[in-house]
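Fold and contact review
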Amino acid sequence: PPIIRLADYRPSDYLIDRVELDVRLHPTETRITATLALRPNPKGEAGAPLVLDGDELTLLALDLDGQPPAPGAVEVQPRALVLHQPPRRPFTLAIETQVNPSANTKLMGLYRSGGVYCTQCEADGFRRITYFLDRPDVMAVYTTRIEADLEEAPVLLGNGNPGQAGPAGEGRHYAVWHDPHPKPAYLFALVGGRLGRVATRFTTMEGRDVEIAVYVEPGKEPRAPYALDAVARSMAWDETAFGRPYDLDVFNVVAVSDFNMGAMENKGLNIFNDKYVLASPDTATDADYANIEAIIAHEYFHNWSGNRVTCRDWFQLCLKEGLTVFRDQEFSSDARSRPVHRIAEVRTLRARQFPEDAGPLAHPVRPQAYREINNFYTATVYEKGAEIVRMLRTLLGPGAFRGGMDRYFAACDGTAATVEDFLAAFAAESGRDLAAFARWYAQAGTPTVAVSGRHDPAARTYTLAFRQSLPTVVTEAASGAAPLPLVIPVALGLVDPGGGAVAGRSDRVRDGVFVLEAEEDSLVFTDVDAAPVPSLFRGFSAPVKVAHALTPAERLALLSHDSDPFNRWQAAQSLGLEAILSRVRAGAPQAEEAGPRGEALSRALAAFLDAEALADPAFAALVLTLPGDQEAAQEIGTEVDPDAIHRARQTLRTHLGRDLAARLAALREALAEPPGAPFSPDAASAGRRALRNVALDLLAAADPGLGTRLAVAQVEAAATMTDRLAALAVLTLLPGEARERALAGFAEAYRDEPLVLDKWFAIQAAIPEPGTVARVRGLMEHPAFALGNPNRVRSLIGSFSLNNPTQFHRPDGAGYDLVAEAVRHLDGKNPQVAARLLTAFNNWRMVEAGRRQKAEEALRAVAAVTGLSPDVSDIVGRSLG
Ligand code: HT7
Ligand code: ZN
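Because the structure is predicted, anything quoted here is derived from the model rather than measured.

Secondary structure assignment for the protein yields 27 helices and 31 strands. The buried share among the 881 residues of the protein stands at 52%. Taking all contacts inside the protein whose residues are at least 6 apart in sequence as the whole, residues at least 24 apart take part in 71%.

Given below as structure tokens:
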């Protein structure tokens, strides 16, 4: 596919003010009449041909101002409808198309999921429904009439507010929906089907009475109230936190079982992957509840950050996605524990975005070019995009930040905006020049900030020297020119190693934040009597890697005495990471003795558990969790041996489990829930479950016999899916009969629950044993598995490639072959999901030479397939490039 460049952006030659859609739903022959009120765009080229996008459409009829167009005036191309010499005044085009929803396996445009008609139009799916100017800067007011068989689709939903509805003859009925807010085509949606419903009401700050409803598969209504309540809480929060009220009379959420991503923010009609709606204690884990809450909030918040203010073009994707992730993170932080949530955010960023930024798919938060936009819904655009917004708040302070947001919404409401528009609102509010800050959007790669500290007892000063460096990222789109320094907010403080107070101060630190703007800078604190331990990047104040050598004793001081919970957790993580790395680097991943760092970690964790494990169990669970294999691999960077890392980490778990055994057993007891206790998904209850299960995991690492007994008992007696699955996951690390029996029992118990079986697929795919490739191949034949369902594919093959580094990176290449083969099979059906799966090869250049060669062979085998989709060919091309 050709490359599309930001620098080539031009406004559309034509605009569409109003769209009237008449959709007659039919399983294989759905007909759509689109009546478009068009006019030349004063900012476009006068007299240019009108080029409407289209994809896999059958054109049935076309009218221009009520007449068939003159012969030769219209050209139907495979992916466009061209009208030569259109009128130079406003005109109407009526287009009738036909599509086959049942044959739509790409799940883009209009398709059927479990018998329910639904749509997915972002980024460019509307052109699979009718010919259109399918670009986000063409915004229109839509009226949609939906007609369907009454038996097949008693529920008919569209964007906006409901209008007339009634019988349409021959067992059919219709419903009209009108959306008064102009929107781009990517926010269009409709749903038709047999669906159950739960509903509530909400009165907005403006006094609007809104009906909120969640639609699910009939019979699943008891699993919908958590999502429904999350919508109402999101509505209330956006009013309080950002002054943003809802703006229609109804807000509908529909859960479908076949969906390419998590959910979609269509105006007034959010469509969700059912995984992110349905929840009951027996089927959903605490993580599921947290995800449902976050994704419901995310899609709802898009109503302002994305819908009322949309994107001018797809290069501006972070304008809605980064901002909306920031907003949903803030919502979850307010609803749960802020420090615990911040740690979770950073773990995701490090596990997904840092590797992306360090590999061949690296791109700036605002890319400068793309071939396939669907491949740019990435951790960089979303998660790093959110970090940029957070840095802006840190730099400006909460007052100016909120003022800037208000200005942005006021200035850009009803428009398709750019990153420049966003920053201009904050510059105007704060009087600050944000030109250098804007580099965060343009430069790919994770910066490293190297820091060293020096205490001068005579002068009673403490000096911190900072140096930032950014890798030069060379991509097809960008020149690879030397990057410019970034504006990096460093939230920091000085900690007394004994837990006392440190008096030091510097007038370059305001509200606890020092701003690093140059490549090098240093900061002098005065009145410092004794050498402190610096606590840097508190709350992870910038998405950077910090190179700062500290002794285990200094890390222990931070874990014990830092006032910043994030850095307390970070201190334990750093000790853990250093302990793993020292084993790998010494070539002794399985060494018997714990080593000085392992011992330091055990001592630190023992002291921590004694002092405060029960004070905040969710936080304690995070402190006790070692950094993952992939984080260690990132740190090593080249010639990585995933087996060595895995052994080192497992051995360290064993040591920790032994050293802490008595404390962990006591914790499990102290945290045990009384039989019959009512279930609550709240953060405190979830935290207790998390700590109990981390304790189980470490105990099992130390004593597999005990671990097996405890885990088997827990699988059988668990009152929640969280506890059952956690115990099953512990068992999967303990080969043997008990494991297989437990797995079989679980499958039998949940045979009719696809979303629960997804968890069963996922944990088996993550078993770090040579038999797993064969196991996964076997599971692909399981009756519950379907290559056409994205959730199944992600659970089995996605989990294998992302959560099982030793087997995905098998030295004989069998893991790579498995994934590459799945990508090849899937590409003909669902290119978007196939391409996403292939991104697991992102880190292939980091592994040692033998594996590297196998990975390259697997990638080349994909590249050699004829008729590859643009999605997969883009990823494979960049991965090998
Ligand atoms: N804005 C939505 C993105 C999305 C999507 C993109 C491409 C293909 C399918 C898709 N489904 C949803 C989701 C969001 O970020 O809120
Ligand atoms: Zn989003």
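Moving on from the model shown.
Describing two packed helices takes the angle between their axes plus the distance from one axis to the other. At a minimum axis distance of 7 Å, the contact between helix α20 (residues 754–765) and helix α22 (residues 790–803) shows a crossing angle of 15°. Considered as vectors, α20 and α22 are oriented roughly parallel to each other. Read as a crossing pair, α20 and α22 show a hand that is right-handed. Between α20 and α22, the contacting residues are Asp758, Phe761, Ala762 and Ala765 on the first element and Asn791, Arg792, Ser795, Leu796, Ser799 and Phe800 on the second. For the contact of α20 with α22, a count of residues per class yields five nonpolar, three polar and two charged.

Turning next to the site of ligand 1. Surrounding ligand 1, one finds 15 residues, the nearest of these being Glu122, Asn260, Met261, Met264 and Tyr377. Listed by contribution, the elements that provide at least two residues to the shell around ligand 1 are β19 (263–264) and α2 (286–301). For the shell around ligand 1, a count of residues per class yields five nonpolar, six polar and four charged. Split by domain, the shell around ligand 1 shows at least three residues from each of two domains, domain 1 (4–194) and domain 2 (310–442).

What follows deals with the sheet that holds strand β17 (residues 209–216). Consider a sheet: its strands pair through backbone hydrogen bonds, and that pairing is either parallel or antiparallel. The strand order β16-β17-β18-β20-β19 describes an open sheet built from five strands, whose pairing is mixed. Pairing within the sheet leaves two strands with one partner each, and these edge strands are β16 (196–203) and β19. With respect to the sheet, helix α1 (residues 225–242) is in contact with β16, β17 and β18 (250–256), its orientation differing from that of β16 by roughly 20°.

Quick look at the domain arrangement of the protein now. Examined at the domain level, the protein breaks down into domain 1 (4–194), domain 2 (310–442), domain 3 (448–549) and domain 4 (750–881). The distance between the C-alpha centroids of domain 1 and domain 4 comes to 35 Å.

At a minimum axis separation of 7 Å, helix α3 (residues 317–335) and helix α4 (residues 338–358) run at an interaxial angle of 145°. Like other packed secondary-structure pairs, α3 and α4 cross with a definite hand, here right-handed. Contacts between α3 and α4 involve Gln329, Ser332 and Ser333 from the former and Arg338, His341, Arg342 and Glu345 from the latter.

With the exception of glycine, the majority of residues adopt a negative phi angle, and the majority of peptide bonds are in the trans configuration. Of the consecutive residues glutamate 122 and alanine 123, the connecting peptide bond is found in the cis state with omega at 0°. Note that alanine 123 resides in the loop between β10 (116–120) and β11 (140–149). Positive phi is not limited to glycine here, since leucine 107 has a value of about 60°. Locating leucine 107 in the fold gives a position in the loop between β8 (91–99) and β9 (109–113). Phi is positive for phenylalanine 540, which is not a glycine, with a value near 55°. Summarising the element assignment, phenylalanine 540 is placed in the loop between β30 (533–535) and β31 (545–547). Overall, the presence of 22 C-beta atoms within 10 Å leaves phenylalanine 540 in the buried class.

This paragraph deals with the environment of threonine 722. Checked against the element boundaries, threonine 722 lands in helix α18 (residues 721–732). If we ignore the near neighbours within four places in the chain, the residues touching threonine 722 are Thr285, Asp286 and Arg689.

Cross-referencing UniProt, the feature "domain: Aminopeptidase N-like N-terminal" (unreviewed entry) maps to residues 21–187 in the present numbering. The span residues 21–187 carries 0% helix and 53% strand; its end-to-end C-alpha distance comes to 14 Å.

The buried count for β9 comes to five of five residues, which makes it a mostly enclosed element. With five bridges joining them, β9 and β10 adopt antiparallel strand pairing. What sits directly across from tyrosine 111, in β10, is cysteine 118. In sequence, β9 turns back onto β10 through a hairpin of two residues, with glycine 114 there showing a positive phi of about 55°.

Sheet architecture is open: four strands sit in the order β9-β10-β15-β12, paired in antiparallel fashion. On the outer flanks of this sheet lie β9 and β12 (155–158), each paired with one strand and no other. Recorded for the sheet is a direction-independent mean angle of 15° between the axes of neighbouring strands.

Grouped together as the largest cluster of nonpolar side chains are 257 residues, with contacts concentrated most on Val254, Val277, Leu837 and Leu838. Take this core: its biggest share by element is eleven residues, from helix α16 (residues 683–702). Beyond its immediate chain neighbours, meaning those up to four positions away, valine 254 contacts Cys118, Leu157, Val191, Leu195, Tyr215, Ile271 and Phe272. Ranked by size, the runner-up nonpolar core spans six residues in total, among them Phe354, Leu361, Ala362 and Ala444.

Our next topic: the environment of alanine 700. Mapped onto the elements, alanine 700 comes out in helix α16. Take alanine 700: there are 24 C-beta atoms within 10 Å of it, and that puts it in the buried class. Distance in space between the C-alpha atoms of alanine 700 and arginine 653 is 9.3 Å, their sequence separation being 47 residues. Aside from chain neighbours lying at most four places away, what touches alanine 700 is Gly707, Ala711, Val730 and Leu734.

What follows deals with the environment of glutamate 221. Within the fold, glutamate 221 resides in the loop between β17 and α1. Note on glutamate 221: 17 C-beta atoms within 10 Å, which makes it partly exposed. Discounting residues that sit within four places of it in the chain, glutamate 221 has contacts with Gly196, Val198 and Val216.

Moving on, we come to the confidence of the model for the protein. Confidence along the protein averages 97 in pLDDT terms, with 100% of residues attaining 70 or more. Both confidence scores are given for the complex: pTM 0.99, ipTM 0.98.

For α3, which comprises 19 residues, the first-to-last C-alpha distance of 27 Å matches the rise-based estimate of 27 Å (1.5 Å per residue) to within 8%. Among the 19 residues of α3, 16 are classified as buried, and the element is accordingly described as predominantly covered.

So, how was this worked out
Residues numbered from 1 in each chain as written. Chains lettered and ligands numbered in written order. Predicted model: local features only at pLDDT ≥ 70, side-chain atom pairs only at ≥ 80, totals over all residues. Helix = DSSP H or I, 4+ residues; strand = E, 2+ residues; numbered from the N terminus. Buried ≥ 20, exposed ≤ 12 C-beta atoms within 10 Å, placed from the backbone. Contact = placed C-beta atoms within 7 Å. Axes fitted to C-alpha atoms, helices over the stretch in contact; angles between N-to-C directions. Parallel < 35°, antiparallel > 145°, perpendicular 65-115°, else oblique. Left-handed = near helix turned anticlockwise from the far one by under 90°. Nonpolar A, V, L, I, M, F, W, Y, C, P; charged D, E, K, R; others polar. Near = placed C-beta within 6 Å. Domains from an automatic or database assignment. Pairing = 2+ DSSP bridges. UniProt positions renumbered as here; feature names shortened; annotations may be inferred. Core = buried A, V, L, I, M, F, W, Y, C linked by C-beta atoms within 7 Å. pLDDT = per-residue confidence, 0-100. Expected span 1.5 Å × (residues − 1).

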